[in-house]
Amino acid sequence: MRFRHPDGSTVHLAYCTNVHPAETLDGVLAQLRDHCEPVRRRLGRDRLGIGLWLAKDAAHALVTDPSALRGLRCELDRRGLEVVTLNGFPYEGFGAEEVKYRVYTPDWADPERLEHTTSLARVLAGLLPDDVTDGSISTLPLAWRTACDERRAETARTALRTLAERLDALQELTGRSIRVALEPEPGCVVETTRDAIAPLTAIAHDRVGICVDTCHLATSFEDPHTALDDLTRAGVPVVKSQLSAALHAEHPHLPEVREALAAFAEPRFLHQTRTSTAAGLRGTDDLDEALSGDALPDAGPWRAHFHVPLHAAPAAPLTSTLPVLKSVLTRLVGGPHPLTRHLEVETYTWQALPPELRPRGRAQLADGIAAELTLARDMLTDLGLKELP
């Protein structure tokens, strides 16, 4: 979906396909048919943006076979879909029964991460619509914190500098400008937007910026205005933003609240949980750890890294951090000029929700994704952007 900002520029809204498990190119093509096109039809749009997730095997097939890349481009066109951004964070296995810490490998100290992201950039340059010259790729925020000493951190920074040089060369070759965005996430070396400033200024290349994920920002209790002000002052570009909402528990000391939270503790994804105290941010790596004994102080609210549907807040006594998303979006695109032009709804946890909240089949999932995009569209038009055909 495209929107005209009051300054005349185009802002793109997509939804991320990492909600649909697929490891191969055939799986990606099936996603377009079974999920993406039905969402577009529900929205009554001739064109729908998708933030494509390409696992290692799918990306390799596309980058080594020009005819496969042309075929994917034709299939996107045929189904009324377009791609300006990729989610390059998960490498493979994101649809596995247990993902947890595996999603953080390989990290940016591993040569495989550089090669995979280079492949993604080459693929994206071939998928961009004819009238679009700028693409974006969100990626792992360097590494999970326990896997990164200073030697590995410098290796990661060197890899990102190498990637930036390759992206410069790619633009010279294709005329397409691809940028990569570190996505701060709780528990990683770059956990917050503030954590991103030092490595990104050290890399010092405008091809490498930040992806502001509003669930992650909220989970870490970051103030949106402070975070974005800090990035602006440091000259760190917001390459893209993922529109997402975290799970919020206002009174985690109450038994009924803990019982409600326990329904969201599940075995597939990691749900880092945080609380803000007078001594600073405290947290656990997963929700079940927070709920066991006194691992986390419960005098103040808890937030868990669980991407809950934007349009459907959890039932009381829980809620979501949708107000944080709205505040971030207002700053990103509500001013005289947009701070980013790539927005991506990213709720990948539909099938990890408590059983009674999960969609039953493809039709209900498509209904839910369409409802999220409708909410995002309404927020954008309320900020003065005009939806384009």
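Because the structure is predicted, anything quoted here is derived from the model rather than measured. (Residues numbered from 1 in each chain as written. Predicted model: local features only at pLDDT ≥ 70, side-chain atom pairs only at ≥ 80, totals over all residues. Heavy atoms only, no water.)

K.L.:
I'd like a description of the side chain of Arg274, backed by residues and values.
P.N.:
Along the chain, the position of Arg274 falls in strand S10 (residues 273-277). By relative accessible area, which is 6% here, Arg274 ends up buried. Looking at Arg274, its side chain comes within polar contact range of the main-chain oxygen of Thr284, at 2.8 Å. (Helix = DSSP H or I, 4+ residues; strand = E, 2+ residues; numbered from the N terminus. Buried < 20%, exposed > 50% of the residue type's maximum accessible area, 1.4 Å probe, protein only. Polar contact = N/O pair within 3.5 Å; in protein donor to acceptor, adjacent residues only side chain to side chain.)

K.L.:
Tell me what's going on with the packing of aromatic side chains, and back it up with residues and numbers.
P.N.:
This model, assessed by the stated rule, comprises eight aromatic pairs. When the ring of Tyr104 is compared with that of Trp144, the centres are 4.7 Å apart and the planes differ by 35°; the resulting orientation is tilted. Taken together, the positions of Tyr104 in the loop between strand S4 (81-87) and helix H4 (111-127) and Trp144 in the loop between strand S5 (134-139) and helix H5 (150-174) put the pair 40 residues apart, joining distant regions of the chain. The pair Tyr104 / Trp144 is uniform in exposure class, with both members buried. Counting every residue linked through ring pairs, the aromatic cluster contains Trp53, Phe94, Phe269 and Tyr348. One residue, Arg303, lies across the ring of Phe221, its end atom 4.4 Å from the ring centre. (Phe/Tyr/Trp six-rings, centres within 6.5 Å; stacked < 30°, edge-to-face > 60°. Lys NZ or Arg CZ within 6 Å of the ring centre and 35° of its normal.)

K.L.:
A description of the pattern of salt bridges should follow, citing residues and the corresponding values.
P.N.:
Counted under the stated rule, the structure contains 33 salt bridges. For Asp34, the salt bridge goes to Arg362, with nearest N and O atoms at 3.5 Å. You can see Asp34 sitting in helix H1 (residues 25-43) and its partner Arg362 sitting in helix H12 (residues 362-382), a full 328 residues away along the chain. Put simply, Asp286 and Lys100 hold a salt bridge, and the shortest N to O gap is 2.5 Å. Highlighted residues: Asp286 in the loop between strand S11 (280-284) and helix H10 (287-291) and Lys100 in the loop between S4 and H4, separated in sequence by 186 residues. In this structure Lys100 comes out as buried when scored by relative accessible area, which is 12%. A network of salt bridges, in which partner residues are shared, links Glu37, Arg40, Arg41, Glu75, Arg78 and Arg79. (Salt bridge = Lys/Arg side-chain N within 4 Å of Asp/Glu carboxyl O.)

K.L.:
Could you give an account of empty space enclosed by the protein, with specific residues and numbers?
P.N.:
Inspection of the entire model under this criterion finds three cavities of 30 Å³ or more. Volume-wise, the largest cavity comes out at about 150 Å³. As for the largest cavity, its lining consists of 19 residues, and the residues nearest its centre are Phe94, Val103, Glu185, His305 and Tyr348. Its residues assigned to classes, the lining of the largest cavity comprises nine nonpolar, six polar and four charged. (1 Å grid on protein atoms, 1.4 Å probe; cavity = no way out; pocket = protein on both sides within 12 Å on 5 of 7 lines; lining within 4 Å. Points joined across faces, edges and corners; volume = space filled by probe spheres on them. Nonpolar A, V, L, I, M, F, W, Y, C, P; charged D, E, K, R; others polar.)

K.L.:
Give me the lowdown on helix H9 (residues 255-262), citing residues and values where you can.
P.N.:
What H9 keeps buried is the set Val257, Arg258, Ala260 and Leu261. The arc that holds the buried residues of H9, viewed along the axis, is 160°, so those residues lie on one side. Along H9, the residues that are exposed and aim more than 90 degrees away from the buried face are Pro255 and Glu259. Where H9 is buried, its residues meet strand S9 (245-249), H10, strand S12 (302-308) and strand S13 (318-320). (Arc of directions from axis to C-beta. Contact = heavy atoms within 4.5 Å.)

K.L.:
Can you lay out the nonpolar core for me, pointing to particular residues and giving the numbers?
P.N.:
Counting 117 residues, the largest nonpolar core has Leu13, Tyr15, Ile50, Leu54 and Leu373 as its most contacted members. Ranked by residue count, the leading element in this core is H12, at eight residues. Not counting the four nearest positions on each side in its chain, Tyr15 is found in contact with His20, His35, Cys36, Val39, Leu48, Gly49, Ile50, Gly51, Glu344, Val345, Ile369 and Leu373. (Core = buried A, V, L, I, M, F, W, Y, C linked by side-chain atoms within 4.5 Å.)

K.L.:
Before we move on, can you summarise the sheet that holds S10 with the specific residues and values?
P.N.:
Strand pairs in the sheet, formed through backbone hydrogen bonds, run parallel or antiparallel to each other. Judged by pairing direction, the sheet is antiparallel, and its five strands sit side by side in the order S11-S10-S12-S9-S13 without closing on themselves. One side of each edge strand has no neighbouring strand; the edge strands of this open sheet are S11 and S13. This sheet shows a mean twist of 30° between the axes of neighbouring strands, independent of strand direction. (Pairing = 2+ DSSP bridges. Axes fitted to C-alpha atoms, helices over the stretch in contact; angles between N-to-C directions.)

K.L.:
Tell me what's going on with the pairing of S9, and back it up with residues and numbers.
P.N.:
Taken across its five residues, S9 has five buried, putting it largely inside the fold. As paired strands, S9 and S13 are joined by three bridges and run antiparallel to one another. Paired with Ala249 across the bridge in S13 is Leu318.

K.L.:
Give me the lowdown on the packing of helix H6 (residues 193-203) against helix H8 (residues 224-234), citing residues and values where you can.
P.N.:
At their nearest, the axes of H6 and H8 sit 9 Å apart, and the two run at 10° to each other. With respect to H8, the axis of H6 lies roughly parallel. Taking contact as the criterion, the partners of Thr193, Arg194, Ile197 and Thr201 in H6 are, on H8, Thr226, Ala227, Asp230, Leu231 and Ala234. Of the residues contributing to the contact of H6 with H8, the split by class is four nonpolar, three polar and two charged. (Parallel < 35°, antiparallel > 145°, perpendicular 65-115°, else oblique.)

K.L.:
Pulling in residues and values, what's your account of the packing of helix H2 (residues 56-64) against H4?
P.N.:
In a packed pair of helices, the relevant descriptors are the angle between the two axes and the axis-to-axis distance. The interhelical angle for the contact between H2 and H4, taken along N-to-C directions, is 55°, at an axis separation of 9 Å. When the interaxial angle is binned, H2 and H4 end up oblique. For H2 against H4, the interelement crossing comes out left-handed. Contact with H2, carried on its side by Lys56, Ala59, Leu62 and Val63, involves His116, Ser119, Leu120, Arg122 and Val123 of H4 and no other residues of that element. (Left-handed = near helix turned anticlockwise from the far one by under 90°.)

K.L.:
Tell me about the layout of surface pockets, and please be specific about residues and values.
P.N.:
Its volume calculated, the largest pocket comes out at about 300 Å³. Those elements that place two or more of their residues in the lining of the largest pocket are strand S2 (10-16), S5, strand S6 (177-182) and strand S8 (238-243). Element by element, the count of residues in the lining of the largest pocket is highest for S5, at three residues. Estimated volume of the second largest pocket: approximately 180 Å³. Lining the second largest pocket we find 16 residues, and of these Val19, His20, Pro21, His35 and Leu365 sit closest to its centre. The set of elements that each furnish at least two residues to the lining of the second largest pocket consists of H1 and H12. Element by element, the count of residues in the lining of the second largest pocket is highest for H1, at five residues.

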